[in-house]
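# An overview of the molecular structure
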Amino acid sequence: MKQQINFRRINVCVAWLVFAIAAIVYGLTVEPTASLWDCPEFIACGYKLEIGHPPGAPFFMLVANLFAQLAGSPSQVALTVNLLSALLSAGCIFFLFLTITHLARRLVCPTGEVTTLDRIIGIEACGVIGALAYAFSDTFWFSAVEAEVYAFSSFLTALMFWLILKWEDEADTPQSDRWIVLIAYITGLSVGVHLLCLLCLPAMSFVVYFRKAKRITRWGMLKTLGAGILLLGIILYGIIPGVVTAGGWMELLFTNVLLFPCHTGLACYAVLLTCGLLLAYYKAGRRALRLPLACLMMILAGYSSYGVILIRANANMPMCENAPGNIFALKSYLSREQYGDVPLFYGPSYCSEPDYEQKGDYLVWKHKEGSPVYRPSTDKGKTHYNLVRHDVKYQYRDNMFFPRMHSARHARVYDQWRDSKRKGTVPSAAENLRFFLGYQVNFMYWRYFLWNFVGRQNNIQGHGEVEHGNWITGIGWIDNWLLGCDVSQLPSDLKQNKGRNVFYALPLLLGLAGIAWQWRRGSEGKRQLLTVLLLFVMTGLAIVVYLNQTPMQPRERDYAYAGSFYAFALWIGLGVGMIWEEIKVKSEKIKVGNGIAGAVMAGLIGLIVPLQMVSQTWDDHDRSGRYTCRDFGANYLNSMPQEGNPVILTNGDNDTFPLWYNHEVEGVRTDTRACNLEYVQTDWYIDQMKRPAYDSPALPVSWSHDDYLEGRREVVPVRPELKEKIEAFRQERPDEAKRLLGENPFEVRNILDKWILNPQEEMQCIPTDSMVICSDEGDMVISLKGVTKLCKKDLMVLEMLSKADWKRPIYTSIGLGSDNLPYLRDHLVLEGLAYRISPKAVGKKVDVERLYDNIMHRFRYGGLTVKGLYVDEDVKRLADIHQTVMGILIDSLLKQGDTKRALAVCRKWQHEMPQENVPYTDAALSMARCFYVNGLPEEGDEIVGDLLRRSDEWLAWAGTIRPERRPGSAYSRYIWFETMERSLAVAVRYDRKKFYYQYGKRYEHYATQTVRG
Amino acid sequence: MRHRQSGDNNPGLIGKNGRLIIMAACVLIAVGYLLMAGPGSTEQHFREEIFSARRIVAAPMCCLAGYLLIIVGILKRD
């Protein structure tokens, strides 16, 4: 008994020690400000309770808000929210440790009593090694040092799994039910963080079955599996949407029929639901009924955190995605409607043709009407819900089972996976399965798994090519064979990439040993194995099946599978048990050592794994000192002038969220407005743009809400053939034409007023291919040659431009690709990280003075001056944009003959973004030219030499790639060949003969190779 | 969320003290949501008050305290 108490005490102490190690590691490497992707948005959501992207994370917001209060100033808010992730991740490691030691204890001591010291040591070693291996693994660490929901969701998953083991220990006592109730409550809360947590429920049902069943049978296990998945389904597809849908009926009844103010029905619904459940609970005398009812109530109690979303959305905040301020909008928000439907088990492939049916004289696309969609409309102060549309499910011909290639937008990439003869037809079952296994399972799951436990090639996103984002072992000949190239000749860029982590597959082997150990330890072991396996599959492969991912994802998706890597870490811990047992058997044979020495030795051997892992992963997870997201976001805003309340049109994700962070959290440049072009297609976002935000007045949009309501004017055709008719009409009846079509019928404001806003739908078109915005500043002609249609977002941009009258400057961000707003291309003037849309742009593409001022005096560079700062792919991409702009400025200054200021820009560049942190690209050749012009040949040589050396390394290595894998690398090869060519051109131009002697031959060699390849 | 009830002969679920705590927690959450509510911005003017301390500091803390207190209530033994 004494030993047992000792074990408990030691176990908890070591758990806290592991927690402390993880917390310190994450605390040291945490990002001191916002990170890229969704993090800036989440920080604003926590700090100011604004509404982020669907389906929202209200409980995360509440906890993040508490942490945000600890910040001394707004600039520290991001750090405190990041620290929340760090602490929750350390908490996850804490429960991982306790879970491993629980499992190991049951394997070693069937009675549950730990009696000897060697057993204590052995069990603790399992826990420490498994927990630390996971703590230092790539995917988990990534989420631990930034403000995302994944750290929180990992914590809740670990907590829930530990709670069920806690229950297992006490299952025979009367108090054990409260663990089940608590799990139900955490389940409810986790809906307000991330749905991923729910995926551990099936595995937990097995723990219950094994503990409670009198006799374990195959049939019983099958039933348990069914019950577990059913439970998941009930929560996911029943309770979560059902409660809201029922609330909608009540709201509809109260508002539309009984004419109460809105939200009355909802309030009554909440009260009725609570009372009803309570009544049912008390009427139900039997435990078998009471426990599920108590659990249901607790799930709903946790789920009620969505009140935050509903209430805050009614405050009409500057950032309020999808505006879920009423129960119906909340339903769309929760079901993530904006991301569209993905077929799962039966549905169309990407090649399926729409199914048509005869309706009168026309053929129409066959569709099923789904649930009705209501939206509020206010009339004379009275709010009423209108039926705006029904969810429509369009029907296709040639549906298939388990459609994995489903997105018509990705047809080109799917085709690459198929037999070239069959392109354009519905994929066969074999092709479908090949894509599922080859891409979704292998590339988008196992690759990530192996990154974590075998090794990762580098931190650059891979799309299947040899050089980016693969998994590797670190053992030369294996990697040569895996990748199909000679890894000993890797270019230094790739060799020194901090994201290159090699574990020699040691964690994988230890985890497999853990599985083997469970398998060998009798029925208890096999039961554990089944439970952990289910957790592993549900949080891994099951997500793969559910997500049905398309190719060309915008970023690596490993974070979604952290739960399954968690399950594998359990096995890594238990792997130490295997080593321990082997040592014990061997030492008993040769009769040396005692039990304690064996356990210590197993622990020491096992410890190699986490230590080797952290030696590799530290440098690419250490985000300390990095302020790039904050500063680069501010640079977008500071590219614009201080006066006139400028507006910037931006693209999604990293082009928008850092700007929001600056506005919402740090209060930087609140006189400006960021307008995301992806969202401006939606009515709720236009509503927001029509409201003032901080110091920025409402955007100049005169349309009424009804004009841009969802479903209206989504796309309008461009009809140049009407132009002649209008001209003829003007000739014939000038007065009537003026009255009907405006003074100049091709002026944008007249087209919008007379045509687009015309209530007759057939009039809603652009009747010309050339429009003009007239003003005192000069006329701006917008050519729509080759454009067949304009979307609502285009119409909004035109509306703003015509109404702003150049008094309110409108910019487009540099990240907005040329696909967006192509008709404005001739009217853009570069001033920083943004182009000003200007009627005077023709012939003048760069505002040198403003650009110079911005780069030299107003921009900040995120702490990149500190050599050794961790620059990942996304940060590098943003830094490259800065360098490109600097290159353009240097060229422009040189053209003006202003060599002195051009040199100043070069110095700024080299000081702010030293090449150790941001390696040179082609853009640096502008700098080299400037040095040569200024009579500084050594410095110019340094740049040209660096680019030539690196491109030579790349191209030489590319030559070692096996021919069948070369096509994937064609782009990299092309880029580096271009770099070499341009560098040599600069060398020749400034008469740097030595480079030509050194690289001329090699260049010609690569030229013939590139042509052949 | 659950009321006191006489003759509760099922000690396995939450006890009397626990139920009291959960009730108090639910009141806290409700108070939190009341504090969070209020008028919003309009097309005419931006209302600074939507970010007042009452609505984005006191209210969420109140709610969070309530949500955490429920855990205490569930685990409380009589």
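Residues numbered from 1 in each chain as written. Chains lettered and ligands numbered in written order. Predicted model: local features only at pLDDT ≥ 70, side-chain atom pairs only at ≥ 80, totals over all residues. Heavy atoms only, no water.

### Thoughts on the overall build of chain A
Tallying secondary structure elements over chain A gives 37 helices and 17 strands in all. Here the C-alpha atoms of chain A give a radius of gyration of 32 Å, agreeing with the 31 Å that 2.2 N^0.38 yields for 1013 residues. Its C-alpha atoms give chain A principal-axis dimensions of about 105 × 85 × 65 Å. Within chain A, the proportion of its 1013 residues that are buried is 58%. About 41500 Å² of surface is accessible on chain A, with carbon and sulfur atoms providing 59% of the total. Each charge class in chain A was averaged separately, 110 positive and 104 negative side chains, and the resulting centres sit 7 Å apart. (Helix = DSSP H or I, 4+ residues; strand = E, 2+ residues; numbered from the N terminus. Rg over C-alpha atoms; globule rule 2.2 N^0.38 Å. Buried < 20%, exposed > 50% of the residue type's maximum accessible area, 1.4 Å probe, protein only. Areas by Shrake-Rupley, 256 points an atom, 1.4 Å probe, with all protein chains shown as cover. Lys, Arg positive; Asp, Glu negative; His and termini not counted. Charge placed at Lys NZ, Arg CZ, Asp CG, Glu CD.)

### Considering the interface of chain A and chain B
Taken together, the contact pairs 49 residues of chain A with 38 residues of chain B. Between chain A and chain B lies a buried interface of about 3900 Å² when both sides are counted; carbon and sulfur atoms form 68% of it. Of all residues in chain A, A:R178, A:Y282 and A:I311 give up the largest surface area on contact with chain B, accounting jointly for 16% of the area buried on that side. Counting across the interface, chain A meets chain B through one salt bridge. Put simply, A:K690 and B:E43 hold a salt bridge, and the shortest N to O gap is 3.6 Å. Connecting chain A to chain B are 10 residue pairs in polar contact (both at pLDDT 80 or more). Sorting the residues of the side of chain A that touches chain B by element identifies helix 2 (39-48), helix 3 (58-68), helix 8 (177-191), helix 11 (264-283), helix 12 (287-303) and helix 13 (307-313) of chain A as the ones contributing at least two each. Broken down by class, the residue content of the side of chain A that touches chain B amounts to 29 nonpolar, 10 polar and 10 charged. (Contact = heavy atoms within 4.5 Å. Buried area = accessible area lost by both parts, 1.4 Å probe. Salt bridge = Lys/Arg side-chain N within 4 Å of Asp/Glu carboxyl O. Polar contact = N/O pair within 3.5 Å; in protein donor to acceptor, adjacent residues only side chain to side chain. Nonpolar A, V, L, I, M, F, W, Y, C, P; charged D, E, K, R; others polar.)

### A short note on the side chain of A:R669
Residues and elements named next belong to chain A. Structurally, R669 is set in the loop between helix 25 (657-665) and strand 10 (673-676). Residue R669 is classed as buried on the basis of its relative accessible area, which comes to 9%. At 3.3 Å, the side chain of R669 forms a polar contact with the side chain of N638. Looking at R669, its side chain comes within polar contact range of the main-chain oxygen of M640, at 3.2 Å.

### Comments concerning a nonpolar patch on the surface
Residues and elements named next belong to chain A. Judged by side-chain polarity, Y504, L506, L509, L512, M601, I605 and I608 come together as a nonpolar surface patch covering roughly 610 Å² of accessible area. Contributions of two or more residues to the nonpolar patch are made by helix 19 (506-520) and helix 23 (595-617). On the secondary structure map, L506 appears in helix 19. (Patch = residues over 30% accessible without salt bridge, like charges linked within 9 Å, V, L, I, M, F, W, Y side chains within 5 Å.)

### Some details on the sheet that holds strand 16 (residues 828-830) of chain A
Hydrogen bonds along the backbone pair up the strands of a sheet, which may run parallel or antiparallel. Residue and element names in this part refer to chain A. In space, the five strands of this open sheet follow the order 10-9-15-17-16, with mixed pairing throughout. Across the chains shown, the open sheet's two edge strands, defined by having one partner strand only, are strand 10 and strand 16. Shown here is a sheet whose adjacent strand axes are inclined to one another by a mean of 30 degrees, direction ignored. Of the strand pairs in this sheet, strand 9 (residues 647-650) and strand 15 (residues 810-813) are connected by three bridges, and their pairing is parallel. Within the sheet, the bridge partner assigned to L649 lies in strand 15 and is T812. Here helix 30 (residues 792-804) sits on the sheet and contacts strand 9, strand 10, strand 15 and strand 17 (834-837); the angle it forms with strand 15, its principal contact strand, is near 145 degrees. (Pairing = 2+ DSSP bridges. Axes fitted to C-alpha atoms, helices over the stretch in contact; angles between N-to-C directions.)

### Some thoughts on empty space enclosed by the protein
All names here are of chain A. Inspection of the entire model under this criterion finds six cavities of 30 Å³ or more. Size it by volume and the largest cavity reaches roughly 420 Å³. Around the largest cavity sit 25 residues that line it, and F142, R456, R555, D872 and D874 are the ones nearest its centre. Those elements that provide at least two residues to the lining of the largest cavity are helix 6 (138-144) and helix 32 (873-896). Here the lining of the largest cavity is composed, by residue class, of seven nonpolar, five polar and 13 charged. Surrounding the second largest cavity, 22 residues form its lining, P318, M319, E664, R673 and A693 being those nearest its centre. Of all the elements in the fold, those that place two or more residues in the lining of the second largest cavity are helix 25, strand 10 and helix 26 (683-689). (1 Å grid on protein atoms, 1.4 Å probe; cavity = no way out; pocket = protein on both sides within 12 Å on 5 of 7 lines; lining within 4 Å. Points joined across faces, edges and corners; volume = space filled by probe spheres on them.)

### A short note on unusual backbone geometry
All names here are of chain A. Residue P55 follows P54 across a cis peptide bond; omega there is 0 degrees. Its place among the elements puts P55 in the loop between helix 2 and helix 3. Positive phi, normally seen in glycine, also occurs at R669, with a value near 45 degrees. Its identity as a non-glycine residue notwithstanding, D805 has a phi of 55 degrees, on the positive side. Tracing the sequence through the fold places D805 in the loop between helix 30 and strand 15.

### Section: the environment of A:G265
All names here are of chain A. Residue position: G265 is located in helix 11. Separated by 601 residues in the primary sequence, G265 and V866 have C-alpha atoms spaced 58 Å apart. Leave out the neighbours within four places in its chain, and G265 touches M250, E251 and F254.

### Observations concerning the pairing of strand 12 (residues 770-773) of chain A
Along any regular strand, the residues point their side chains to alternate faces of the sheet. Residue and element names in this part refer to chain A. In this structure, strand 12 lies alongside strand 13 (residues 780-783), joined through four bridges in antiparallel fashion. Of the residues in strand 13, the one forming a bridge with I773 is M780. Between the antiparallel neighbours strand 12 and strand 13 lie six residues, among them G778 with a positive phi of about 125 degrees.

### Some details on the nonpolar core
Residue and element names in this part refer to chain A. With 346 residues, the main nonpolar core has Y26, I93, Y134, L649, I766 and I782 as its most contacted residues. It is helix 4 (residues 74-108) that contributes the most residues to this core, 19 residues altogether. Here L649 is in contact with C675, L677, V797, M800, I810, Y811, T812, S813, L816, L821 and I837, once residues within four sequence places are set aside. (Core = buried A, V, L, I, M, F, W, Y, C linked by side-chain atoms within 4.5 Å.)

### Observations concerning the confidence of the model for chain B
Per-residue confidence for chain B gives a mean pLDDT of 86, with 85% of residues at or over 70. If you check the scores for this complex, the pTM reads 0.95 and the ipTM reads 0.93. (pLDDT = per-residue confidence, 0-100.)

### Thoughts on the pairing of strand 10 of chain A
Residue and element names in this part refer to chain A. Burial along strand 10 is two-sided: R673 and C675 and A674 and N676, pointing in opposite directions, are all buried. As paired elements, strand 9 and strand 10 share four bridges and run parallel to each other. Counterpart to I648 in the pairing with strand 10 is A674. Assessed by its sense of winding, the connection that carries the chain from strand 9 through helix 25 to strand 10 is right-handed. (Right-handed = clockwise from strand over helix to strand, strands pointing away.)

### Things to note about the side chain of A:H53
Residue and element names in this part refer to chain A. Positionally, H53 belongs in the loop between helix 2 and helix 3. By relative accessible area, H53 is classed as buried at 18%. Separated by 2.6 Å, the side chains of H53 and E41 make a polar contact. Apart from residues no more than four positions distant in its own chain, H53 is found in contact with D38, E41, F42, E321, Y333 and Y339.

### With respect to helix 27 (residues 722-732) of chain A
The α-helix winds at 3.6 residues per turn, so residues separated by three or four positions along the chain end up facing the same way. Residues and elements named next belong to chain A. For helix 27, the full list of buried residues reads L722, I726 and F729. One face of helix 27 carries all of its buried residues, which in axial projection span an arc of 60 degrees. In helix 27, the exposed residues that point more than 90 degrees away from the buried face are E724, Q731 and E732. Contacts made by the buried residues of helix 27 are with helix 28 (734-741) and helix 29 (748-756). (Arc of directions from axis to C-beta.)

### Concerning the packing of aromatic side chains
Residue and element names in this part refer to chain A. Inspection of the entire model under this criterion finds 61 aromatic pairs over all chains. Centroid distance F95 to W162: 5.0 Å. Interplanar angle 40 degrees. Geometry classified as tilted. Taken as a pair, F95 in helix 4 and W162 in helix 7 (residues 150-170) lie far apart in primary sequence, 67 residues in all. Between W365 and Y394, the ring centres sit 4.4 Å apart and the planes meet at 35 degrees, which makes this aromatic pair tilted. Linking W365 in strand 3 (residues 362-365) with Y394 in strand 5 (residues 382-394), this pair joins segments that are 29 residues apart in sequence. Of the residues examined, W365 reaches a relative accessible area of 28% and is grouped as partly exposed. According to the relative accessible area criterion, Y394 is partly exposed, its value standing at 42%. Grouped by ring-pair contacts, the aromatic residues Y445, W446, Y448, F449, W451, F453, F536, Y561, F565, F568 and W571 constitute a single cluster. (Phe/Tyr/Trp six-rings, centres within 6.5 Å; stacked < 30°, edge-to-face > 60°.)

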